[in-house]
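Now for the letters of each chain:
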Amino acid sequence: MNLEQTDPKIYELIEAEKQRRRDGLEMIPSENHTSPSVLEALGSILTDKYSEGYPGKRYYGGNQVIDRIENLAIERAKQAFGVPFANVQPYSGSPANFAVYLAVCNFGDTIMGQNLPDGGHISHGWKVNITSKIFKSVSYHVKSDGYIDLEEVRNLAVENKPKLIWCGATAYVREFPFEEISKIADEVGAYFVADIAHIAGLVIAGAHKSPAPFVHIITTTTHKTLRGPRGGLIMVTEKGLKKDAELGEKINKAVFPGGVQGGPHNHQTAAIAVALGEALKPEFKEYGKQIVKNSKKLAEGLMERGVKLVSNGTDNHMVVVDLTPDGPGRGVFLQDALDMAGITVNKNTIPADPSTPFYPSGVRIGTPAITTRGMKEKEMELISDWIARVADLIKNYKLPGTKEERIEYLKRFKSEIENNDQIKKIKSEISEFGKNFPIPAIN
Ligand SMILES: *Cc1c(COP(=O)(O)O)cnc(C)c1O
């Protein structure tokens, strides 16, 4: 019996999601399209098994095969990132980061990371996150040109003596200054951690500088540019082991039994091993480099058409559109209008955002998933034209001041845009165009 027969409701919803993807372009920078092989491992019977502990040291019997799978994932992670230690069990990026805190900090310690509206991640001490409640959190910012303010990083570090400094973000378009911040971290004796959740695939491909020589610990997700299943990795570098020879052991204990999670998701571990195996092939280098070429081309295309970008360009896989020239808090309009036209993106804060994280003033647009579909510079020209046309259509919509007004206004906005002939035309153009670029596990 297969799903279609046993649970037609879920089966049909999965089919509907496939169709949604065929009809559109996935341009959320943190998303990608996994390979059939990754999905095969992820959907395997490995999910049935309990294996709390680590290879050779389990709390359950019957883990002879699981040990070999986890060891393979570990070896591939070490090889891909050039590090001597890897833990492949984190369920996702946020638990991986939390395990790092548990491994090297005590509650009440000071930690430092990039401010969330400036592109930083919620798990690096943002005010609504538990990390800001159990640690004293200090945030650094980006300058008006979109680059991390290194002078501020140094001043804050010297003043606050953080135990841990993060470098890594969720909406940052420039290369991360790992080397520069490592000098600051060394000066104040802090653990320096690179969170490369977004750029992991670019690092493996050599399309972004590796943090490995400069940081003590590297965390990442496995489902963004790395193109694997949802999951996380924590790695310790040579530099990290030099600072603390026990660091790997401390990370392992923090992941389990320290309190972050229980039994590892073995199907996920196997799928991560498959994704890392794919990432170690020469084609992946080409893929990573093409992601950046596409993103740069997209940035050019958009700016030529009058769309303002944070930092006036990009070094990586994403651009951040700054919609403030037509008023604050307008990210939601472009996100929803593009969604109706068949381009999936997400609203995002911009540096010094005059609005709030729920009604931010920008939109993030990324190229990892469309590059997986085989699109190149030529296609970026077309896509930037569609995006610029949609951006033009929403120019006159302004975000009202109060919550009640906003809800009403957004309802009206949605129905107007949905019925807009231009949007309908772009939607059918995109759906036709997409047929030439099949999605690996779907078409
Ligand atoms: C996506 C992301 C994470 C968290 O990943 P989840 O898997 O969603 O928990 C952590 N850090 C950064 C910088 C990210 O972009």
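Among the five residues in strand 8 (residues 191-195), five count as buried, and that is most of the element. Burial along strand 8 is two-sided: Tyr191, Val193 and Asp195 facing one way and Phe192 and Ala194 facing the other are all buried. As paired strands, strand 7 (residues 164-167) and strand 8 are joined by four bridges and run parallel to one another. What sits directly across from Trp166, in strand 8, is Val193. Regarding the hand of the β-α-β motif, the stretch spanning strand 7, helix 8 (residues 178-188) and strand 8 is right-handed. By the bridge criterion, three bridges tie strand 8 to strand 9 (residues 217-221) in an arrangement that is parallel. Paired with Asp195 across the two strands is Thr219, which belongs to strand 9. Crossover connection from strand 8 via helix 9 (residues 200-205) to parallel strand 9: handedness right-handed.

Taken together, 13 residues lie near the ligand, and Ser92, Ser94, Asp195, His198 and Lys224 sit nearest. In this structure, Ser92 approaches the ligand through a side-chain N or O atom, which is 2.4 Å from an oxygen atom. Contact with the protein chains hides 86% of the accessible area of the ligand, taken as 380 Å² for the molecule alone. If you tally residues by element for the shell around the ligand, the top one is helix 5 (residues 93-104), at three residues. Residues belonging to the shell around the ligand are distributed by class as follows: two nonpolar, nine polar and two charged.

A grouping of Lys285, Lys289, Lys293 and Lys376 is seen on the molecular surface, where their side chains present a positively charged patch. Looking at the secondary structure, you find Lys376 in the loop between helix 15 (368-372) and helix 16 (377-393). Its relative accessible area of 43% is what places Lys376 among the partly exposed residues.

Counting residues in hydrophobic clusters, the biggest one holds 52 residues, and the most contacted among them are Phe81, Met112, Tyr140, Ile165, Phe176, Phe178 and Ile196. When residues are assigned to domains, this core turns out to be shared by domain 1 (43-279) and domain 2 (285-434), each giving three or more. Non-local contacts of Met112, meaning those with residues more than four positions away in its chain, are made with Val138, Tyr140, Val153, Leu156, Ala157, Pro162, Leu164, Ile165 and Trp166. Residues Leu25, Ala299, Tyr359 and Tyr409 belong to the second largest nonpolar core, which totals 43 residues.

Below, the discussion takes up the domain arrangement of the chain. In many analyses, interface size is given as the accessible surface area lost on bringing the parts together. For the chain, the domain assignment lists domain 1 (43-279) and domain 2 (285-434). Using only C-alpha atoms to locate each centre, domain 1 and domain 2 end up separated by 29 Å. Counting from both sides, the interface comprises 23 residues of domain 1 and, opposite them, 26 residues of domain 2. The contact between domain 1 and domain 2 buries some 1900 Å² in all, and 57% of this surface belongs to carbon and sulfur atoms.

It is worth spelling out the packing of aromatic side chains at this point. Scanning all chains against the criterion turns up 17 aromatic pairs. Both rings, one in Tyr101 and one in Trp166, keep their centres 5.5 Å apart while their planes meet at 70°; by these two values the pair is edge-to-face. On the criterion of sequence distance, the pair formed by Tyr101 in helix 5 and Trp166 in strand 7 is long-range, its members being 65 residues apart. Judged by its relative accessible area of 0%, Trp166 falls in the buried class. Cation over ring: Lys243 sits above Tyr191, and NZ or CZ is 4.8 Å from the ring centre. We note Arg406 situated over the ring of Tyr359; from NZ or CZ to the ring centre the distance is 4.8 Å.

Taken in spatial order, the seven strands of this open sheet run 4-10-9-8-7-5-6, and their pairing is mixed. Each edge of the open sheet is held by one strand with a lone partner, namely strand 4 (85-87) and strand 6 (136-140). Along the sheet, successive strands turn relative to each other by an average axial angle of 20°, direction set aside.

If you trace the three strands from one edge of the open sheet to the other, you get 11-14-13, paired in antiparallel fashion. Strands with a single pairing partner mark the edges of an open sheet, and in this sheet they are strand 11 (318-322) and strand 13 (346-348). Ignoring which end each strand starts from, the neighbouring axes of this sheet average 35° apart. Bridge count between strand 13 and strand 14 (residues 362-366): three bridges; the pairing is antiparallel. Note on strand 14: the bridge partner recorded for Lys347 is Val363. Seen against the sheet, helix 13 (residues 282-304) touches strand 11 and strand 14 and runs at an angle of roughly 20° to strand 11.

What counts, and where the lines are drawn
Residues numbered from 1 in each chain as written. Predicted model: local features only at pLDDT ≥ 70, side-chain atom pairs only at ≥ 80, totals over all residues. Heavy atoms only, no water. Buried < 20%, exposed > 50% of the residue type's maximum accessible area, 1.4 Å probe, protein only. Helix = DSSP H or I, 4+ residues; strand = E, 2+ residues; numbered from the N terminus. Pairing = 2+ DSSP bridges. Right-handed = clockwise from strand over helix to strand, strands pointing away. Near = heavy atom within 4 Å. Polar contact = N/O pair within 3.5 Å; in protein donor to acceptor, adjacent residues only side chain to side chain. Areas by Shrake-Rupley, 256 points an atom, 1.4 Å probe, with all protein chains shown as cover. Nonpolar A, V, L, I, M, F, W, Y, C, P; charged D, E, K, R; others polar. Patch = residues over 30% accessible without salt bridge, like charges linked within 9 Å, V, L, I, M, F, W, Y side chains within 5 Å. Salt bridge = Lys/Arg side-chain N within 4 Å of Asp/Glu carboxyl O. Lys, Arg positive; Asp, Glu negative; His and termini not counted. Charge placed at Lys NZ, Arg CZ, Asp CG, Glu CD. Core = buried A, V, L, I, M, F, W, Y, C linked by side-chain atoms within 4.5 Å. Domains from an automatic or database assignment. Contact = heavy atoms within 4.5 Å. Buried area = accessible area lost by both parts, 1.4 Å probe. Phe/Tyr/Trp six-rings, centres within 6.5 Å; stacked < 30°, edge-to-face > 60°. Lys NZ or Arg CZ within 6 Å of the ring centre and 35° of its normal. Axes fitted to C-alpha atoms, helices over the stretch in contact; angles between N-to-C directions.

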